[in-house]
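Residue-level structural notes
Here is what each chain is made of, one letter per residue.
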Amino acid sequence: MSRCPGWESLDVSSAAPDGPVAFSSDLGPTSLLAAYRAGVYPFPVSDEYAHALNEVAFADLVEEGAIAVVGDDTADPYAVSWWSPDPRPVVPVTARHISRSLARRLRNRLPWSTSLDRRFEEVVRACRADRTPLWLTEELVASLVRLHDQGHAHSVEVWEGGELVGGVFGVRIGSVFSMDSMFFHRPDASKVAVADLAVRFEQAGGVLLDAQRDSPHVRALGGVLVPREQYLRRLHGTAQDGHPIPSATLPARRLAEPTERA
């Protein structure tokens, strides 16, 4: 069995490309931030059945040392798996994309605005609602809120008047922003949230939005796949968060302007 005292000692360079790279039950804010800095993100189980499946599927690999256990030797690790895919799906902030049809709607009809960090927990809980499996557990939500209070986690909100209609949230590590989840109550509102995040993050010196999991939706946003080694080099090369992300409430139509490269 391979045990790591903390995330800073975890080496995922030779880990499996498409499975968990570690197990650890610690979802506290300090451990969570250290894990993001190590290039991994959590996937907690929602019930005892999912917990048992983790143990059945991966116990042999844990015993062989192919999957590390991080943290307390006495803790039961199988409640939370940690992932670092290879390749990693990312959205370079300069390659962000919205479709022509959405750009046209933003210019002509949609009275949307965007903001940063006005309703962080509300965005997280909207992302949690009706999701299966329910990986955004109450413990994870509480830790994310703590990281937000400490200035490490952020949300972008999309508004239609006074109604929250979309959003995205995640954790900033230097020039990388790891997007945990997004939601929409109006078509395309999550796409606007990601495009807005890319604009704001670029203005703060950011380079990459980490999409964590690849999908057609991610590709439509401008996502590309990069080798895990390349992603980790970028992550570890910029430990400091740099400039604050701009927080003003702004009209979403600006994202359709050619000068914004959207």
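Since this is a predicted model, take the numbers as computed values, not measurements. (Residues numbered from 1 in each chain as written. Predicted model: local features only at pLDDT ≥ 70, side-chain atom pairs only at ≥ 80, totals over all residues. Heavy atoms only, no water.)

Below, the discussion takes up the overall build of the chain. Secondary structure assignment for the chain yields eight helices and 13 strands. On C-alpha atoms alone, the chain measures out to a radius of gyration of 18 Å, which is about the 18 Å that the 2.2 N^0.38 rule sets for 262 residues. Across its three principal axes, the chain shows a C-alpha extent of roughly 60 × 35 × 30 Å. Taking all 262 residues of the chain together, 51% fall into the buried category. A fraction of 80% describes how many contacts in the chain between residues 6 or more apart in sequence connect residues 24 or more apart. Of the accessible surface of the chain, which amounts to about 11,800 Å², a share of 52% is contributed by carbon and sulfur atoms. In the chain, the 27 positive side-chain charges and the 34 negative ones have mean positions that sit 13 Å from each other. (Helix = DSSP H or I, 4+ residues; strand = E, 2+ residues; numbered from the N terminus. Rg over C-alpha atoms; globule rule 2.2 N^0.38 Å. Buried < 20%, exposed > 50% of the residue type's maximum accessible area, 1.4 Å probe, protein only. Contact = heavy atoms within 4.5 Å. Areas by Shrake-Rupley, 256 points an atom, 1.4 Å probe, with all protein chains shown as cover. Lys, Arg positive; Asp, Glu negative; His and termini not counted. Charge placed at Lys NZ, Arg CZ, Asp CG, Glu CD.)

Taken N-terminus to C-terminus, the directions of helix α4 (residues 120-128) and helix α5 (residues 138-149) make an angle of 155°; their axes are 10 Å apart at the nearest point. The angle between the axes of α4 and α5 places the two elements in the roughly antiparallel class. Considering only the axes of α4 and α5, their crossing is right-handed. Across the interface between the two elements, F120, E121, V124, R125 and R128 of α4 pack against E138, V141, L144, V145 and H148 of α5. When its residues are assigned to classes, the contact of α4 with α5 shows five nonpolar, one polar and four charged. (Axes fitted to C-alpha atoms, helices over the stretch in contact; angles between N-to-C directions. Parallel < 35°, antiparallel > 145°, perpendicular 65-115°, else oblique. Left-handed = near helix turned anticlockwise from the far one by under 90°. Nonpolar A, V, L, I, M, F, W, Y, C, P; charged D, E, K, R; others polar.)

Attention now moves to the sheet that holds strand β11 (residues 208-210). The mixed open sheet is built from eight strands, whose spatial order is β12-β6-β11-β10-β9-β8-β7-β13. The open sheet terminates on both sides in strands that have one partner only, identified here as β12 (224-226) and β13 (250-251). Inspection of the sheet shows strand β10 (residues 176-184) paired to β11 by three bridges, in the parallel sense. Within β11, the position partnered with S178 by the bridge is D210. Strand contacts of helix α6 (residues 189-203): β7 (112-116), β8 (153-160), β9 (163-173), β10, β11 and β13, with the helix running at about 155° to β10, the strand carrying the most contacts. (Pairing = 2+ DSSP bridges.)

In terms of strand pairing, strand β2 (residues 20-23) meets strand β5 (residues 80-83) through three bridges, oriented antiparallel. Along β5, the bridge assignment pairs A22 with W82. Alignment of strand β3 (residues 41-44) against β5, held across four bridges, turns out to be antiparallel. Bridge pairing in β5 places P42 opposite W82.

It is worth spelling out a negative patch on the surface at this point. Taken together, D47, E48, E55 and D76 make up a surface patch of like negative charges. With respect to the helices and strands, D47 occurs in the loop between β3 and α2 (48-64). (Patch = residues over 30% accessible without salt bridge, like charges linked within 9 Å, V, L, I, M, F, W, Y side chains within 5 Å. Salt bridge = Lys/Arg side-chain N within 4 Å of Asp/Glu carboxyl O.)

Read these as geometric descriptors, not functional statements.
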